[in-house]
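# Descriptive analysis of the structure
Listed below, chain by chain, are the residues.
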Amino acid sequence: MKEFLAADWIDIPLEFKRNARRFLYYQLFKTSLPFGEFLEPSVRTTQTRLKSFALEELVDADAMKVIKDGVLEGGDFLLRDG
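## A closer look at the overall build of the protein chain
- Assigned secondary structure in the protein chain consists of four helices and two strands.
- Its C-alpha atoms give the protein chain a radius of gyration of 20 Å, clearly above 12 Å, the size a compact globule of 82 residues would have.
- Projected onto its principal axes, the C-alpha coordinates of the protein chain cover approximately 55 × 40 × 25 Å.
- In the protein chain, which comprises 82 residues, the share counted as buried stands at 7%.
- At a minimum sequence separation of 6, the contacts of the protein chain that also span at least 24 residues come to 32%.
- For the protein chain, the centre of its 12 positive side-chain charges and the centre of its 14 negative side-chain charges are spaced 6 Å apart.

## Observations regarding the pattern of salt bridges
- For the structure on display, the rule yields two salt bridges.
- Between Glu40 and Arg49 there is a salt bridge; the shortest N-O distance is 3.0 Å.
- Judged by relative accessible area, which is 27%, Glu40 ranks as partly exposed.
- Judged by its relative accessible area of 43%, Arg49 falls in the partly exposed class.
- Between Arg80 and Asp76 there is a salt bridge; the shortest N-O distance is 2.9 Å.
- Of the residues examined, Arg80 reaches a relative accessible area of 56% and is grouped as exposed.

## Comments concerning a negative patch on the surface
- The grouping of Glu37, Glu56, Glu57, Asp60 and Asp62 at the surface amounts to a negative patch.
- Within the element layout of this structure, Glu37 appears in the loop between helix H2 (14-30) and strand S1 (39-41).

## Considerations on a positive patch on the surface
- A contiguous patch of positive charge, built from Lys17, Arg18, Arg21 and Arg22, is present on the exposed surface.
- Along the chain, the position of Arg22 falls in helix H2.
- A relative accessible area of 54% means that Arg22 is categorised as exposed.

## Regarding unusual backbone geometry
- Even without glycine at this site, Phe77 takes up a positive phi of about 60°.
- Mapped onto the fold, Phe77 is located in the segment after helix H4 (62-73).
- For Phe77, a relative accessible area of 36% translates into the label partly exposed.

## Some points on the packing of aromatic side chains
- Taken as a whole and judged by the stated rule, the model has two aromatic pairs.
- A centroid spacing of 5.2 Å and a plane angle of 40° characterise the contact between Tyr25 and Phe29, whose relative ring orientation is tilted. One end of the pair, Tyr25, and the other, Phe29, are both in helix H2, four residues apart, so they sit about a helical turn from each other.

Calculation rules
- The residue numbering used here restarts from 1 in each chain and proceeds along that chain's sequence as written.
- With pLDDT at 70 or above as the cut-off, local features in this predicted model cover only qualifying residues; side-chain atom pairs require 80 or more to be listed or tallied, and sums for whole chains, interfaces and linings still use all residues.
- No hydrogens and no water enter the side-chain calculation; it runs on all heavy atoms of the structure.
- Put simply, DSSP marks the helices as runs of H or I at least four residues long and the strands as runs of E at least two long, and each gets a number from the N terminus on.
- Within these notes, the globule rule equals 2.2 Å times the number of residues to the 0.38 power, and the radius of gyration is based on C-alpha atoms.
- Per-residue accessibility, obtained with a 1.4 Å probe over protein chains only, is compared with the maximum for each type, and a residue is labelled buried under 20%, exposed over 50%, and partly exposed between these values.
- Note on definitions: a residue-residue contact is assigned when non-hydrogen atoms from the two residues lie within 4.5 Å.
- Counting rule for charge: Lys and Arg are taken as positive, Asp and Glu as negative, and neither His nor the chain ends is counted.
- A charge is said to be at NZ when it belongs to Lys, at CZ for Arg, at CG for Asp and at CD for Glu.
- Salt bridges, as used here, are contacts in which a Lys or Arg side-chain nitrogen is within 4 Å of a carboxyl oxygen on Asp or Glu.
- Here the term patch refers to residues with relative accessible area over 30% and no salt bridge, with like charges joined within 9 Å and nonpolar side chains (Val, Leu, Ile, Met, Phe, Trp, Tyr) within 5 Å.
- Each accessible area is a Shrake-Rupley estimate made with a 1.4 Å probe; only the visible protein chains count as cover when residues are assessed.
- Planes of paired rings set the category: under 30 degrees apart is stacked, over 60 is edge-to-face and the rest tilted, where pairs are Phe, Tyr or Trp rings (Trp by its six-membered ring) whose centres lie within 6.5 Å.

Right under this line is the structure:
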């Protein structure tokens, strides 16, 4: 382990890089649920804050339906395309 941590260069197989990219894509674009309609820019450009919205709007949101299906019906917590 010490040799690994002290190394200046670590040779990473191409397959590992490809798998890492696939995993990151899936994590960022497939498993993320959209709640943007409930957010607005905050004072800092790197932050957001909640908008004012009715509870019914949140309950009817596609992302909340996915969460409800995942918890109550054993769903996969993934938003369907289309």
